[in-house]
Structure formats: C-alpha cells, structure tokens
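Structure assessment
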Amino acid sequence: MGIYKHYFHKYKWLFITAVSCVFFEAICDLLQPTIMAHIIDEGVKNSQVGTVLKLGLLMLTITAVGACFAATRSVLASKVSQSFGADLRYDVFTRIINFSEISADKIESGSLITRMTNDISQITQFINGMMRIFFKAPVTCLGSIILAVVLSLQLSSILFLVIALVAIFIVISMRLSYIRFAKVQYAIDKVNTVVQEYLMGIRLVKAFGRYKDEEEKFDRTNSDLANKTVSSQMVIAYFSPLMSLTINFGIALILYVGSIFFGRGDIEVGKVAAFINYMAQILASLIMITNVFNTFVRTKASTERVNEVLNSEEDFKGSEQTPGQGLGELAFEDVTFAYPSGSGIPIIKNLSFKIKQGESLAIIGPTGSGKSTLVWLCLHFYDLEKGTIYLNGMDIKTIDCNALRDQIALAPQKSMLFTGTILDNIAWGNPQASKEEIIKAARVAQADDFIQLMPSQYESNLGQGGVNLSGGQKQRLSIARALVKQAPLLILDDCTSALDAVTEAKVRRGLRTMDADKTVIMITQRIGTAMFADKILVLDNGVKVGFGSHQELLESCNTYKGIFDSQIGGDMKGVAYGTGN
Ligand code: ATP
Ligand code: MG
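A brief look at the structure comes next. (Residues numbered from 1 in each chain as written. Chains lettered and ligands numbered in written order. Predicted model: local features only at pLDDT ≥ 70, side-chain atom pairs only at ≥ 80, totals over all residues. Heavy atoms only, no water.)

**Remarks on the nonpolar core**
Counting 37 residues, the largest nonpolar core has Ile426, Ile451, Tyr458, Leu477, Leu483 and Leu511 as the members making the most contacts within it. Elements with a contribution of two residues or more to this core: strand S6 (408-411), helix H13 (422-427), helix H14 (435-444), helix H15 (448-452), helix H16 (471-484), strand S9 (489-493), helix H17 (501-514) and strand S10 (519-524). Residues within four places of isoleucine 451 in sequence aside, it is in contact with Ile422, Ile426, Ala442, Gln457, Tyr458 and Leu477. Core analysis: the second largest hydrophobic core is formed by 34 residues, Leu30, Val166, Val235 and Phe239 among them. (Core = buried A, V, L, I, M, F, W, Y, C linked by side-chain atoms within 4.5 Å. Buried < 20%, exposed > 50% of the residue type's maximum accessible area, 1.4 Å probe, protein only. Helix = DSSP H or I, 4+ residues; strand = E, 2+ residues; numbered from the N terminus. Contact = heavy atoms within 4.5 Å.)

This is the structure in structure tokens:
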C-alpha cells in the first residue's frame, strides 16, 4: 500500500478536508432520528404544534447543512481521486519507459496496457468511493449503534446479534472474492494481448486465412473473462441479500419486541421508530462497508499489479563516467551471455574481438547465432555473465547508460517507424538535425529517390508503423535515421536484407564517403555485404569461428568459405557485387 501513502501526502489537505466534510455529514444524518423521536414523543403525542414546527425547522436546517457537506466532499473526492489516478498513470508510464530489458521480457505489453488503464481506474474509483463513503459508513454505523443503545439498552441486544452475523458475512465474502477478482484482472490482460497480437499480425491472419481460429481464440478468452467476472460477482450476489435479510429480520424482531415493551409501558412509540431508523442506517452503512470492502479487495489485486510495474527492475544506469568523445573503438573480451528469461544456455560464448576507430566490421552467421544479441549487449541492455565489453577502452558497465547509447547509432533488424511525416521519422534520430543533414542522410541511405517520388516528398505522412511503405523503403528510412544521429559507432543490424544488391552496394559506398572516422558494424547473412568490410566476424551458435579480412577468412575459415561458395559460387567471386568498397 506504499503507493497510497506516497500520493496521499501530495493531496493531504484536500483529503483531510473531504474526510472532515464526510464526518460532519454523518453527524447531520445521525441527528435526524433522535429529533424525529422528540417530534413524535413530545410534539405529536401532546399535540404541541409549536414544538413540531420548531423541531421540524431544526431538522430541515440540519439536512441542508448535511447536503452542503455532501456536495463539498463529492467535488473534493473527484478531484483527489482523478489527480491521484493521473499521477499514478504518469509514474507507471515513466517506469515503463525506463524498463530494463529484463522487465520488458517479463510483463507482456497487453498486460501493461490493462495495468495502465483498467487497474488504475479501479484504484481511482476506490479512492473516490473511499472519500465519499468509506469514512462516512463507520461513523454512521458507530454513531447509530451508540445512539440506539442510548435510546434503549434492551432492544440493543438484538442489534448486536445482527451486527455480529453481518460481520461474519463480510469477512467470508471478502475472502471468497479476492482470488476471483485477481483472476478477473488477468483475464482482462489476456483479452488485450489477443487483440493486440491480432492487430499486429492482421495481414498474416488474412494471408493464412486464419480468421476462424483467431475468432475462436478471442471467443475463448472473452468468455473466460465473462465467466470469471460472473464468478466474482456471484459472491456479492449471494452475500448482499443475505445481509439485507438478516438486518430486516432484526428490524422485524425489534418491532415485535418493541410492541411488547410498549404494551408494558416500558418504551415510547417515538423511540421505537427512531431505533428502527438507526437500524436502517446501520443496514445502509454496513452495505456500504461491504461494497467498499469489495472494491478494496478488487483494488488490492489491481494495486499489486501496478506495484509490480512500479517496483520492476529499472534500466541499468551505469556509473557517472562518460566515454571519450567521438571514438568508436569497440572490443569484446571473453564475453559469455545467457538471456535471464531464457533457458540458461549461453547465447554468446567466450567471444573476443576488437575493432578500431574508422574500421568496418561485418558480422555474419546463420540465423539464431546471436548477432542481434551482440548489439543489445553493446547497448548495455543486459548485464554479461562473464567477460567485458570495452568502448573506447572503457568497460561499458562503468559508463553512464545514456552517454553510452549516445555514442551508438542503431538501425535495428526490424524497422520501426512512427505515425508522422518522413521528415519527423528521420529527425527522430536527432531532433537537432537540419533539413540539409536529413536530406544528406536520406541520400546516403538511398532513400531520397523514392521520397522524391512521394506526393509531398519529405512531408509525406506515414501510416501507423509505416504501413504505406515497402520493406526495403522502411529499412532505408531506418538507416537514414541512424545516420542523422551522427554517432561515432554505427550499427546496422541486417537492415539491408530487403535491398537489392545494387542499392545495397550504393548504401555501403555512401557510408564510407560520409564519414571516414565512423566505425561501422554491419550485421548480415549475405556474403556479398560482408566481404567488403575491413574485418569480418563469423559467428556460429554464439561462438567465434573466424575473424579477419575476406581474403584471410577464405583461406583460414571453412565456415566462411562454405557460406561464400554457397552464395556466390566458385566462378563469380563477387562479380555480381563488383561495386567495390
Ligand atoms: P537472425 O539472423 O535471425 O536475426 P540472430 O543471429 O540475430 O538471428 P539473435 O536474435 O541474437 O539471433 O538470437 C540468438 C538466440 O537468442 C536465439 O536462439 C533466440 O532464441 C535467443 N533470444 C533472442 N532474444 C531473446 C530474449 N529476449 N529472451 C530469450 N532468448 C532470446
Ligand atoms: Mg538478428
């Protein structure tokens, strides 16, 4: 419940004011039956119109004052609960932004969305409800009991019996509903995930004609959500009437016993009426308390889920040090790494290599050999199991993470574009970049030609995720974005895979002419891309099987020679790619 303490501190005064209003409102409610008893027993019984009018006016005034308090606390409750919700959403969002890769692997995005929306609204509703009724119900309940006891001690024994029974019902219903409410929230997660996955793979679903399966999958998760919600509501459905029944039974008993007492002249009519009134108030407040408890139980499940996000592991910060400016020297020393969420088998094994500033390195290897993993390690998304990665001679673990990532420009394997113009998408890599720099980067990435053919050139709008572009066009924009960043180390993770050989060669040459000091790492499965690099690292299953120039590897590395022969063949020897370096 730490989050509540944290945010309440901020709204302390509004909260205290609202609670005070609730308190006074409850007092106003509590006074009514006693005044009514006086009206009946003194005014009506003795036919004193003056007393009836005087006490009636007092009752009216108290009601009006109570209404003013009620209105104030309602306004304050809305303000505090909504501000609380907004703050919490903001904090959860910033935490998600700063997620470590380990946390991101752990909580699915569908679940994050439920936590940001549904779970937080649950918490907001709870706070609102709490400020409106949670404090009123106990005050009314306790006050009614005290005033009822003052009215008639004899009748109160029935009251205590009823309260004891209802308290038992409340405890049992809370126990039963907690597990069910937690399940409901997880079922909402599943519905979100299914919808999200469908939307992401909408074209694939169409191409494979798997509508029916997707529909069934959704139907299953949707029905599951409905069933779990019904099951959680069942608890309330059974217990609410049971409580009302008990209390109404109590009222009937009081009427019966009250009539006997009245017959014996032990009690006045007005007092019996007031007693029943208090009993009704106790009933109302107990039902309110049960509702609040139900919301509380549901909110407890939500709070834990939100807390899980807030307490999740934050991205590494590294230390305060910043790396030397403008160098792009990278070295791996005996690096071994296994994904924390994986099977524990290392994906990179005892890897060592070094490239100097201005050199180009190609990393080649079959799919799943750990090439992209290597990139994530350079960016310090994960900690190593063993070994050290050096950037400009400094252990990257000792470098401030933001400063480290400033030194590296990445065009990832899966191009990510955002809704907005082409210009926005390229400038995303470096918001300070001038239009000239953006156009220059687009030219080097061979994107300028197709951009010029678009209806509004650089101002053309992209659909969500760049749906209106081809795979190769997206890759080129993604390369241009990495280029405008002007970082000393440029990493292109297999992002020329969708380009034809000629365009790809143009990109490669462009990169060389753009900045000779830039260190470039090109990850690829094509030998035609790799062969022109200064150094080539051949990876197989996370193990370095070759490192050197094209010629050296042809002579010394069988795996490399095997790839070369299978892709280019003995005779052609790169003729098709003879565009040179
Ligand atoms: P490709 O050429 O297909 O892009 P790759 O060489 O880039 O392949 P990686 O993406 O580095 O391969 O993956 C290497 C291995 O690591 C794979 O076996 C993959 O299953 C595993 N892996 C990748 N990402 C994760 C992750 N987030 N959690 C656990 N295992 C992962
Ligand atoms: Mg990869």
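Back to the text.
**Here's the deal with the pattern of salt bridges**
Enumeration according to the criterion identifies 13 salt bridges in this entry. Of the charged contacts, one joins aspartate 334 and lysine 386 as a salt bridge, the two residues approaching to 3.5 Å between their closest N and O atoms. Of this pair, aspartate 334 sits in strand S1 (residues 330-337) while lysine 386 is found in strand S4 (residues 386-391), placing the two residues 52 residues apart along the sequence. According to the relative accessible area criterion, aspartate 334 is partly exposed, its value standing at 31%. A salt bridge links aspartate 565 to lysine 561; its shortest N-O distance comes to 3.2 Å. Note that aspartate 565 and lysine 561 are positioned in helix H20 (residues 558-567) at a spacing of 4 residues, about one turn of the helix. (Salt bridge = Lys/Arg side-chain N within 4 Å of Asp/Glu carboxyl O.)

**Looking at the packing of helix H3 (residues 49-97) against helix H5 (residues 109-134)**
Contact pair H3 / H5: the axes reach a minimum separation of 8 Å and the direction vectors enclose 155 degrees. As judged from the angle between their axes, H3 and H5 are roughly antiparallel. Crossing hand, H3 versus H5: right-handed. Within the contact of H3 with H5, the residues separate by chemical class into 14 nonpolar, 7 polar and 3 charged. (Axes fitted to C-alpha atoms, helices over the stretch in contact; angles between N-to-C directions. Parallel < 35°, antiparallel > 145°, perpendicular 65-115°, else oblique. Left-handed = near helix turned anticlockwise from the far one by under 90°. Nonpolar A, V, L, I, M, F, W, Y, C, P; charged D, E, K, R; others polar.)

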